[in-house]
Amino acid sequence: MKKIIIVIFIISISAFPLSSKLLINEVVTATGSDWVELYFQSSKKESIDISGLYVTMYYGRNENLAAEPVTLYSYNRIETSYDDRFAVIHLTEPRMEDESDEKGDLNGNGVLDLYCNNYYNSLWNSEGVVAVDTDDDPSNGGVIDFVAYSNRDGSPNKSIESYIDYAVSFNEWTQCSSGNPQNCSVDTGDSGLKEYMSISRVSGNDTNSMNDFVITNFQTPGRENIVNVKRSRRRLFRCLRNKISLFPSKSSSLSGRVPLFVYESCNIKFRIFSVNGMKVYEEPLYRYVKPGYFSLKWAPFAGNSFRPTGLYIGRIEAVSRERSISDSKSIILILSRRK
Ligand SMILES: [Ca+2]
Ligand SMILES: [Ca+2]
Ligand SMILES: [Ca+2]
Ligand SMILES: [Ca+2]
């Protein structure tokens, strides 16, 4: 009887995978500098050092993520300015410095960025794979997560096909009953992704198949994916905050951020007026802003642009020439010397 109970116990452990998992959460393949977003998912509070791992398409030479420890957490910690659950791996920017645990958010963009000197042409926009692996070898296991994508042109690349076969053999991807692995890869459309698109995981799903992912028009590096957006057809953007208070601070760059969500590519003008209608500030035109999260900047306490405290009106105007529509919104900005 005791033996049976032990056997049942072992079976039930192996039937339920460990609750924590490092996942490939988002992939872009059509930019000048392709990137992959990792996400550490766990039902309990824990952390993982990812610096020794590879984010790789296996093709060509690829390197591990960082020389110094880089820790992801299963929760967002308040002591960091970025969301600790995510890291963004820039695959072909070797000259940039990794934002390791010691260095922090060096470029101040609110995202944990790592930079690799990987195969210079990654990621192909026609078809490919992305793996998180303990090394750069597809044949020896160690795969932590995997995704395959394809334009489904009917003639799979032999190298890519072999990487998929290995991932299938390690149960990290699904065997394709049709015999053509393209039919079980995330479908990126005839001409692949557009520059502003991404392959995005839907919530924390991981069934090791194309069903875990969708193609979206919104890139969200270092943040939750956006896979479904409700909006009216004539809106170009949305203000994420309608009232923003700004305080001078020695620790910050003295600038305020006005966060937006942009629905489709457009030009954006940002001007600031006093309450009696005088223009006090104007940003140069932001041209061809990509869909997704975007921040306007204002540095009211810096240098010559120092402004008296009080209430100001921020006016945001967006134009899409392609669709011949414009959109605008006003927000309230409160400047104060004291918190
Ligand atoms: Ca950063
Ligand atoms: Ca391996
Ligand atoms: Ca997986
Ligand atoms: Ca994301």
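Everything discussed here concerns the structure shown above.
As a starting point, this report considers the structure included with it. (Residues numbered from 1 in each chain as written. Chains lettered and ligands numbered in written order. Predicted model: local features only at pLDDT ≥ 70, side-chain atom pairs only at ≥ 80, totals over all residues. Heavy atoms only, no water.)

**Some thoughts on the overall build of the protein**
Each helix and strand in the protein was counted, giving 2 helices and 21 strands. Across the 339 residues that make up the protein, the buried fraction comes to 46%. Here the analysis covers contacts within the protein between residues at least 6 apart in sequence; of these, 65% occur between residues at least 24 apart. Accessible surface for the protein amounts to roughly 17,600 Å². Of this, 51% is attributable to carbon and sulfur atoms. (Helix = DSSP H or I, 4+ residues; strand = E, 2+ residues; numbered from the N terminus. Buried < 20%, exposed > 50% of the residue type's maximum accessible area, 1.4 Å probe, protein only. Contact = heavy atoms within 4.5 Å. Areas by Shrake-Rupley, 256 points an atom, 1.4 Å probe, with all protein chains shown as cover.)

**What about the coordination of the calcium ion (ligand 4)?**
Here the calcium ion (ligand 4) is held by Glu26 (OE), Glu37 (OE), Glu37 (OE), Thr220 (O), Thr220 (OG1), Arg223 (O) and Asn225 (OD1), and the distances to it run 2.3 to 2.5 Å. All donors to the calcium ion (ligand 4) come from one chain, and their sequence spacing reads E-x10-E-x182-T-x2-R-x1-N. Residue Glu37 is located in strand β2 (residues 35-41), and its partner Arg223 is located in the loop between β12 (213-216) and β13 (237-239); the two are separated by 186 residues in the primary sequence. (Donors = N, O, S within 2.8 Å, 3.2 Å for Na, K, Ca; no water.)

**Side note on the pattern of salt bridges**
Any two side chains of opposite charge can pair if their charged atoms end up close together. Tallied over the entire structure, the rule returns 20 salt bridges. Linking Arg323 and Glu264 is a salt bridge whose minimum nitrogen-to-oxygen distance equals 2.9 Å. In this pair, Arg323 is assigned in the loop between β20 (310-320) and β21 (325-335) and Glu264 in the loop between β15 (256-262) and β16 (266-274), connecting sequence segments 59 residues apart. A residue is classified by how much of its surface remains accessible, and Arg323, at 30% relative accessible area, is partly exposed. Overall, the relative accessible area of 14% leaves Glu264 in the buried class. A salt bridge links Glu317 to Arg271, with the nearest nitrogen and oxygen atoms 2.9 Å apart. Here the residue Glu317 occupies a position in strand β20, and Arg271 occupies one in strand β16, the gap between them amounting to 46 residues. Judged by its relative accessible area of 27%, Glu317 falls in the partly exposed class. Given a relative accessible area of 22%, Arg271 falls into the partly exposed group. (Salt bridge = Lys/Arg side-chain N within 4 Å of Asp/Glu carboxyl O.)

**Focus on unusual backbone geometry**
Residue Leu123 follows Ser122 across a cis peptide bond; omega there is -10°. Locating Leu123 in the fold gives a position in the loop between β7 (113-115) and β8 (127-133). Not every positive phi belongs to a glycine, and Asn171 is a case in point at roughly 60°. Following the sequence through the fold, Asn171 ends up in the loop between α2 (158-169) and β10 (186-187). Taking relative accessible area as the criterion, Asn171 reaches 59% and is therefore assigned exposed.

**Describing the coordination of the calcium ion (ligand 3)**
Around the calcium ion (ligand 3), the donor atoms from the protein are Asp145 (OD), Asp206 (OD), Asp206 (OD) and Asn208 (OD1), and they sit 2.1 to 2.8 Å away. Considered as a linear motif, the donors of the calcium ion (ligand 3) on their single chain read D-x60-D-x1-N. Here the residue Asp145 occupies a position in strand β9 (residues 143-150), and Asn208 occupies one in the loop between β11 (198-201) and β12, the gap between them amounting to 63 residues. You can call Asp145 buried: its relative accessible area is 0%. Take Asn208: its relative accessible area is 16%, and that puts it in the buried class.

**Here we look at the sheet that holds strand β1 (residues 21-27)**
With mixed pairing, the 6 strands of this open sheet are ordered in space as β7-β6-β2-β1-β11-β12. Each having just a single partner strand, β7 and β12 make up the two edges of the open sheet. Within this sheet the neighbouring strands show an average axis-to-axis angle of 30°, counted without direction. Across 3 bridges, the pairing between strand β6 (residues 86-90) and β7 is parallel. Opposite Ile89, over in β7, you have Leu114 as the bridge partner. (Pairing = 2+ DSSP bridges. Axes fitted to C-alpha atoms, helices over the stretch in contact; angles between N-to-C directions.)

**A closer look at the pairing of β6**
The element β6 is largely enclosed, with a buried count of 5 among its 5 residues. Residues Phe86, Val88 and His90 line one face of β6 and the alternating positions Ala87 and Ile89 line the opposite face, and both faces are buried. The sheet contact formed by β2 and β6 spans 5 bridges and is antiparallel. Bridging across to β6, Val36 finds its partner in Ile89.

**Thoughts on the environment of Gly256**
Note on placement: Gly256 falls in strand β15. We classify Gly256 as buried; its relative accessible area is 4%. Residues Gly256 and Leu296, 40 residues apart in the sequence, show an inter-C-alpha distance of 8.2 Å. Discounting chain neighbours no more than four positions away, the residues touching Gly256 are Leu246, Leu296, Lys297, Trp298 and Pro300.

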